[in-house]
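In case you want the letters, here they are:
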Amino acid sequence: MSLLGYLLPYDFSPLTILSYMLVLGFYGVGLLRMPDEDRPGALRIFAFVLGVMACYGVMQTRFDYYAQYMFFVHRGQHLILHHIGPILIALSNPSPIMRFWYAKISPGLRNTLRPVGWIYQALQYPLIALILFVGLIYFWLWPSIHFDAMLSRDLYWIMNWSMLLDGLLFWWLIFDPRPPAITSSLGYGKRMLILAAAGVLQMLLGAWIVFSREMVYDVYEVCGRAWPLDPEVDQLLGGMLTYIPPAMMSVLGILLILRRAMHEDGKYSKSSKQSKEPVQ
Amino acid sequence: MSRGFIEKQAFRALAMFTVLLTTFLAGCSDNEINYNGKDISGLMPELEFNLINSEGDQVTAGDYSGKVKMMFFGFTSCPDICPTVMQTLNRAASGLPPELQDEVLTLFVSVDPKRDTPERLDKYVSFFGENIVGLTGKESQLRGLAKRYRTTFGYGESNENGDYDVSHSSAIYIFDRQGDARLLIRPDLGAEKINQDLIALAQKDS
């Protein structure tokens with residue numbers, strides 16, 4: 001297969017391509033038009049583009065073909081959509097660009113968009129965010145639901161998009177750059193607790209897949225694999241990708257938050273807390 | 001905006017989400033008949049293909065409309081899975097009541113067009129019984145059909161005799177008389193249970 005064959009989408013989705021183009025377009029135009037002092041540095045821009053392109057790569061290249069017909073590649077796909085891509089995007093802190101565009105929205109449109117804000121607030125409640133983050137992994141890996149999702153093109157797209165969007169929400173909550181001492185962002189202790197809980201719950205699921213002696217995900221058996229690989233090896237590799245890297249992400253996340261917390265320790269006195277901001 | 005207000009909105013949104021999810025899940029398990037196979041109504045698109053049959057003629061799915069169809073991907077040099085599945089399907093079909101015998105077709109789609117010429121395909125399907133149609137086509141056409149049914153196939157390395165293994169789906173896709181995807185059968189389900197499903201489906205639509 002030619003290089004182009006590997007780069008072109010296996011299952012072409014105009015909506016997906018349009019979404020990625022819009023995100024990169026708004027980011028790029030925002031960068032060019034915003035005041036110099038607000039513009040993120042080169043490393044942050046690189047992290048953002050890398051995160052977006054990694055998610056695009058697993059959704060709209062040949063990678064998606066292997067993800068559809070190999071369990072372990074599918075787990076790798078979700079590792080990028082639900083963890084690595086959103087982590088890079090959240091750490092790149094695109095909020096200056098978001099603020100730039102938000103300032104351009106007319107008050108009328110802002111009013112219409114208000115319900116979106118409420119849904120966002122609801123989904124960002126720590127417990128709901130945690131349940132949603134881990135719950136989605138469990139939901140799509142529930143053997144009968146997983147079977148249907150791999151059979152139905154529509155469900156497959158809903159699965160991948162829901163993982164990506166929830167990944168963005170979750171990691172944005174965790175790596176929200178605003179210091180909790182003076183803004184409404186989530187406290188560092190709660191962030192670390194959520195990460196620890198998410199890590200443990202993912203490890204339980206991963207360990208269950210790794211140590212399952214029978215075939216849990218037989219849809220790949222039924223539908224044929226991309227190449228002849230021993231089903232048990234496929235399931236074992238997939239289980240390990242569910243088990244180890246997400247746990248490592250949680251630990252890494254906790255370390256990053258801890259570093260930030262120590263850095264900010266004593267930096268903001270209680271009196272500087274803005275009273276108009278709701279306290280979490 | 002007060003915290004209480006946000007909280008109220010948050011729980012309203014959560015309640016809405018729960019209701020939507022429940023509706024979605026309830027919609028998934030709407031079964032009139034309990035089939036032995038996996039019900040894939042609505043999960044997969046209707047039967048559509050453009051291939052050649054074992055006489056070398058161009059055929060489309062429309063040529064087989066009006067009958068219940070069992071579609072299976074395989075290849076004639078297949079050492080174990082294909083012969084076993086073909087025998088199972090033949091047993092399931094030959095156990096049908098006389099009036100339904102001609103109402104059910106087996107579509108054997110060979111994904112190895114390099115070796116499976118129409119003649120070879122013809123010999124293979126005639127060996128396994130009646131009402132079996134051998135189909136094949138260009139690799140691109142076969143890839144298109146496989147992709148449509150969320151499956152794939154791949155070729156292994158050739159040995160010194162030029163033989164190679166072909167990985168393919170072991171599933172049997174059952175379409176009703178209108179060509180709508182209805183059931184996905186795992187080969188280990190057994191002839192008797194497949195037979196029951198075929199009867200239910202053929203009688204339902206007749």
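The rules behind the values
- Residues numbered from 1 in each chain as written.
- Chains lettered and ligands numbered in written order.
- Predicted model: local features only at pLDDT ≥ 70, side-chain atom pairs only at ≥ 80, totals over all residues.
- Heavy atoms only, no water.
- Helix = DSSP H or I, 4+ residues; strand = E, 2+ residues; numbered from the N terminus.
- Rg over C-alpha atoms; globule rule 2.2 N^0.38 Å.
- Buried < 20%, exposed > 50% of the residue type's maximum accessible area, 1.4 Å probe, protein only.
- Contact = heavy atoms within 4.5 Å.
- Areas by Shrake-Rupley, 256 points an atom, 1.4 Å probe, with all protein chains shown as cover.
- Core = buried A, V, L, I, M, F, W, Y, C linked by side-chain atoms within 4.5 Å.
- Patch = residues over 30% accessible without salt bridge, like charges linked within 9 Å, V, L, I, M, F, W, Y side chains within 5 Å.
- Salt bridge = Lys/Arg side-chain N within 4 Å of Asp/Glu carboxyl O.
- Lys, Arg positive; Asp, Glu negative; His and termini not counted.
- Charge placed at Lys NZ, Arg CZ, Asp CG, Glu CD.
- Pairing = 2+ DSSP bridges.
- Right-handed = clockwise from strand over helix to strand, strands pointing away.
- Axes fitted to C-alpha atoms, helices over the stretch in contact; angles between N-to-C directions.
- Parallel < 35°, antiparallel > 145°, perpendicular 65-115°, else oblique.
- Left-handed = near helix turned anticlockwise from the far one by under 90°.
- Nonpolar A, V, L, I, M, F, W, Y, C, P; charged D, E, K, R; others polar.
- 1 Å grid on protein atoms, 1.4 Å probe; cavity = no way out; pocket = protein on both sides within 12 Å on 5 of 7 lines; lining within 4 Å.
- Points joined across faces, edges and corners; volume = space filled by probe spheres on them.
- pLDDT = per-residue confidence, 0-100.

1. A few points about the overall build of chain A
Here is step 1 of the chain: Within chain A, the regular secondary structure consists of 14 helices and 0 strands.
Here is step 2 of the chain: If you list the helices and strands of chain A from N to C, you get α-α-α-α-α-α-α-α-α-α-α-α-α-α.
Here is step 3 of the chain: In terms of overall size, chain A behaves like a compact globule, its C-alpha atoms giving a radius of gyration of 20 Å where 280 residues would be expected to give roughly 19 Å.
Here is step 4 of the chain: Taken along the three principal axes of its C-alpha coordinates, chain A extends 65 × 40 × 35 Å.
Here is step 5 of the chain: A burial count over chain A gives 50% of its 280 residues as buried.
Here is step 6 of the chain: Taking as baseline every contact in chain A between residues at least 6 positions apart, the subset at least 24 positions apart corresponds to 78%.
Here is step 7 of the chain: Split by element, the accessible area of chain A, about 13,800 Å² in all, is 71% carbon and sulfur.

2. As for the nonpolar core
Here is step 1 of the chain: Within the largest apolar cluster, 111 residues are counted, with the highest numbers of intra-cluster contacts made by A:Trp171, B:Phe49, B:Met71 and B:Tyr173.
Here is step 2 of the chain: Residues A:Val52, A:Ile89, A:Ile97 and A:Leu164 belong to the second largest nonpolar core, which totals 18 residues.

3. Observations concerning the environment of A:Leu141
All names here are of chain A.
Here is step 1 of the chain: Mapped onto the elements of the fold, Leu141 is located in helix 9 (residues 126–141).
Here is step 2 of the chain: Looking at Leu141, the relative accessible area reads 3%, which means it is buried.
Here is step 3 of the chain: Setting aside anything within four residues of it in sequence, one finds Leu141 in contact with Phe71, His74, Arg75, His146, Leu205, Ile209, Tyr217 and Thr242.

4. Structural notes on a negative patch on the surface
Here is step 1 of the chain: A cluster of acidic side chains, namely B:Glu55, B:Asp57, B:Glu119 and B:Asp122, defines a negative patch on the protein surface.
Here is step 2 of the chain: Along the chain, B:Glu119 falls in helix 3 (residues 118–127).

5. Concerning the pairing of strand 4 (residues 68–74) of chain B
All names here are of chain B.
Here is step 1 of the chain: Judged by how many residues are buried, strand 4 sits mostly within the fold: 7 of 7 residues are covered.
Here is step 2 of the chain: By the alternation rule, side chains of strand 4 split into Val68, Met70, Phe72 and Gly74 and Lys69, Met71 and Phe73, which are all buried.
Here is step 3 of the chain: In terms of strand pairing, strand 4 meets strand 5 (residues 104–110) through 7 bridges, oriented parallel. Note that in strand 5 the partner of Phe72 across the bridge is Phe108.
Here is step 4 of the chain: For the crossover that starts at strand 4, traverses helix 2 (residues 81–94) and ends in the parallel strand 5, the hand is right-handed.

6. Side note on a nonpolar patch on the surface
Here is step 1 of the chain: A surface patch of nonpolar side chains, about 470 Å² in accessible area, is lined by A:Val233, A:Leu236, A:Leu237, A:Met240, A:Ile244 and A:Met248.
Here is step 2 of the chain: Position of A:Ile244 among the secondary structure elements: in helix 14 (residues 231–264).

7. Re the packing of helix 9 of chain A against helix 12 (residues 188–211) of chain A
All names here are of chain A.
Here is step 1 of the chain: One way to put it is that helix 9 packs onto helix 12 with a least axis distance of 10 Å and a crossing angle of 15°. With respect to their mutual orientation, helix 9 and helix 12 come out roughly parallel. Judged by the sense of rotation from one axis to the other, the crossing of helix 9 with helix 12 is right-handed. Facing helix 9, whose interface residues are Pro126, Leu130, Phe133, Val134, Ile137, Tyr138 and Leu141, helix 12 presents Lys190, Ile194, Ala197, Ala198, Leu201, Gln202, Leu204, Leu205 and Ile209.
Here is step 2 of the chain: Classifying every residue of the contact of helix 9 with helix 12 by side-chain character gives 14 nonpolar, 1 polar and 1 charged.

8. With respect to the pairing of strand 2 (residues 50–53) of chain B
Residue and element names in this part refer to chain B.
Here is step 1 of the chain: Bridge count for strand 2 against strand 3 (residues 58–60) is 3 bridges, and the pairing is antiparallel. Residue pairing for strand 3: Leu51 is matched across the bridge by Val59.
Here is step 2 of the chain: In textbook terms, the turn of a hairpin is the stretch between consecutive antiparallel strands, and for strand 2 and strand 3 this stretch comprises 4 residues, one of which, Gly56, has a positive phi near 85°.
Here is step 3 of the chain: Pairing of strand 2 with strand 6 (residues 132–136) involves 2 bridges; the strand directions are antiparallel. Bridge pairing in strand 6 links Ile52 to Thr136.

9. Details of the environment of A:Phe147
Here is step 1 of the chain: Secondary-structure assignment places A:Phe147 in helix 10 (residues 143–151).
Here is step 2 of the chain: Overall, the relative accessible area of 5% leaves A:Phe147 in the buried class.
Here is step 3 of the chain: Remark: the alpha-carbon pair of A:Phe147 and A:Leu79, spanning 68 residues in sequence, is separated by 19 Å.
Here is step 4 of the chain: Look past the residues within four positions of A:Phe147 in its chain and what remains in contact with it is A:Asp218, A:Val219, A:Val222, B:Lys38, B:Leu184 and B:Arg186.

10. Details of empty space enclosed by the protein
Gaps between atoms show up when a probe of the same size as a water molecule is rolled over them.
Residues and elements named next belong to chain A.
Here is step 1 of the chain: Applying the stated criterion across every chain yields a total of 2 cavities of 30 Å³ or more.
Here is step 2 of the chain: Within this model, the largest cavity holds a volume of roughly 60 Å³.
Here is step 3 of the chain: Lining the largest cavity are Arg75, His78, Leu79, His82, His83, Ile137, Met163, Gln202, Leu241, Thr242 and Pro246.
Here is step 4 of the chain: Sorting the residues of the lining of the largest cavity by element identifies helix 5 (71–91) and helix 14 as the ones contributing at least two each.
Here is step 5 of the chain: It is helix 5 that provides the largest number of residues to the lining of the largest cavity, a total of 5 residues.
Here is step 6 of the chain: Taken together, the residues of the lining of the largest cavity sort by class into 5 nonpolar, 5 polar and 1 charged.

11. Examining the confidence of the model for chain A
Here is step 1 of the chain: For chain A, the mean per-residue pLDDT works out to 92, and 96% of the residues sit at or above 70.
Here is step 2 of the chain: Within chain A, helix 13 (residues 219–223) of chain A has the poorest average pLDDT of any element, 85, and helix 3 (residues 42–59) of chain A the best, 98.

12. Digging into unusual backbone geometry
All names here are of chain B.
Here is step 1 of the chain: Phi is positive for Asn131, close to 55°, though the residue is something other than glycine.
Here is step 2 of the chain: The topology assignment puts Asn131 in the loop between helix 3 and strand 6.
Here is step 3 of the chain: Residue Asn131 is classed as partly exposed on the basis of its relative accessible area of 28%.
Here is step 4 of the chain: We note that Arg150 has phi near 55°; this positive angle belongs to a residue other than glycine.
Here is step 5 of the chain: Within the fold, Arg150 resides in the loop between helix 4 (139–148) and strand 7 (154–155).
Here is step 6 of the chain: A residue is classified by how much of its surface remains accessible, and Arg150, at 5% relative accessible area, is buried.

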